[in-house]
Amino acid sequence: MPKYRNLARRLRGQIVAGSLRSGDRLPSFPEMHREWGATQKTVEQAYALLEKDGLIVRRNGSGVYVADCTRPIATGIVAVDNGFPLHHP
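First, a word on what this report is: a plain description of the structure on this page. (Residues numbered from 1 in each chain as written. Predicted model: local features only at pLDDT ≥ 70, side-chain atom pairs only at ≥ 80, totals over all residues. Heavy atoms only, no water.)

### Description of the nonpolar core
Generally speaking, nonpolar side chains in soluble globular proteins are found buried as a group.
Turning to step 1, where the next piece is worked out: Counting 16 residues, the largest nonpolar core has Leu7, Leu11, Leu26, Tyr47 and Ile56 as its most contacted members.
Turning to step 2, where the next piece is worked out: At the level of secondary structure, the elements contributing two or more residues to this core comprise α1 (3–17), α3 (40–52) and β2 (63–66). (Core = buried A, V, L, I, M, F, W, Y, C linked by side-chain atoms within 4.5 Å. Buried < 20%, exposed > 50% of the residue type's maximum accessible area, 1.4 Å probe, protein only. Helix = DSSP H or I, 4+ residues; strand = E, 2+ residues; numbered from the N terminus.)

### Concerning the pattern of salt bridges
Turning to step 1, where the next piece is worked out: Summed over the entire model, instances satisfying the criterion amount to four salt bridges.
Turning to step 2, where the next piece is worked out: For arginine 12, the salt bridge identified is with aspartate 53, shortest N-O distance 2.4 Å. Here arginine 12, found in helix α1, pairs with aspartate 53, found in the loop between α3 and β1 (56–59); they are 41 residues apart in sequence, far enough to count as distant.
Turning to step 3, where the next piece is worked out: Its relative accessible area of 41% is what places aspartate 53 among the partly exposed residues.
Turning to step 4, where the next piece is worked out: One salt bridge connects arginine 25 with glutamate 31, and the closest N-O pair in it is separated by 3.9 Å.
Turning to step 5, where the next piece is worked out: Exposure remark for glutamate 31: the relative accessible area of 31% places this residue in the partly exposed category. (Salt bridge = Lys/Arg side-chain N within 4 Å of Asp/Glu carboxyl O.)

### Remarks on the packing of aromatic side chains
Note on aromatic pairs: each is described by the distance of the centres and the angle between the planes.
Turning to step 1, where the next piece is worked out: In this structure the tally under the stated criterion is one aromatic pair.
Turning to step 2, where the next piece is worked out: In this structure, arginine 10 packs its charged tip against the face of tryptophan 36, placed 5.1 Å from the ring centre.
Turning to step 3, where the next piece is worked out: Taking NZ or CZ as reference, arginine 59 lies 4.1 Å from the ring centre of tyrosine 65, over its face. (Phe/Tyr/Trp six-rings, centres within 6.5 Å; stacked < 30°, edge-to-face > 60°. Lys NZ or Arg CZ within 6 Å of the ring centre and 35° of its normal.)

### Observations concerning α3
Turning to step 1, where the next piece is worked out: Between its first and last C-alpha atoms α3 spans 18 Å; for 13 residues at 1.5 Å apiece the expected length is 18 Å, and the two agree.
Turning to step 2, where the next piece is worked out: Where α3 is buried, its residues touch α1, α2 (29–36), β1 and β2.
Turning to step 3, where the next piece is worked out: At the C-terminal side of α3, glycine 54 shows a positive phi close to 80 degrees. (Expected span 1.5 Å × (residues − 1). Contact = heavy atoms within 4.5 Å.)

### Quick notes on the packing of α1 against α3
Turning to step 1, where the next piece is worked out: The N-to-C vectors of α1 and α3 enclose an angle of 50 degrees; their axes lie 8 Å apart at closest approach. Here α1 lies oblique to α3, going by the angle between them. In terms of crossing hand, the pair formed by α1 and α3 is right-handed. Residues Lys3, Tyr4, Arg5, Leu7, Ala8, Leu11 and Arg12 of α1 pack against Thr42, Val43, Gln45, Ala46, Tyr47, Leu49 and Leu50 of α3.
Turning to step 2, where the next piece is worked out: Of the residues assigned to the contact of α1 with α3, the class counts are nine nonpolar, two polar and three charged. (Axes fitted to C-alpha atoms, helices over the stretch in contact; angles between N-to-C directions. Parallel < 35°, antiparallel > 145°, perpendicular 65-115°, else oblique. Left-handed = near helix turned anticlockwise from the far one by under 90°. Nonpolar A, V, L, I, M, F, W, Y, C, P; charged D, E, K, R; others polar.)

Here's what the structure looks like:
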């Protein structure tokens, strides 16, 4: 398993287990390097997976945080209703 997937799996486990909760700040890149020996690229890839899954959010200039799991996650999927007008402008 690639290192970034293993790191993402560990962090996901901490989020699911509740040791990392909504609003908690995730470690910075230097902290992740010291704690797990992860490179910046590995951490970035792991965070990208977790962000895609809606488990974390990035706040510019502030860091990476566990997402509020009570709020719905935007997936980018748009539904089309069969009642959509045939002659849409």
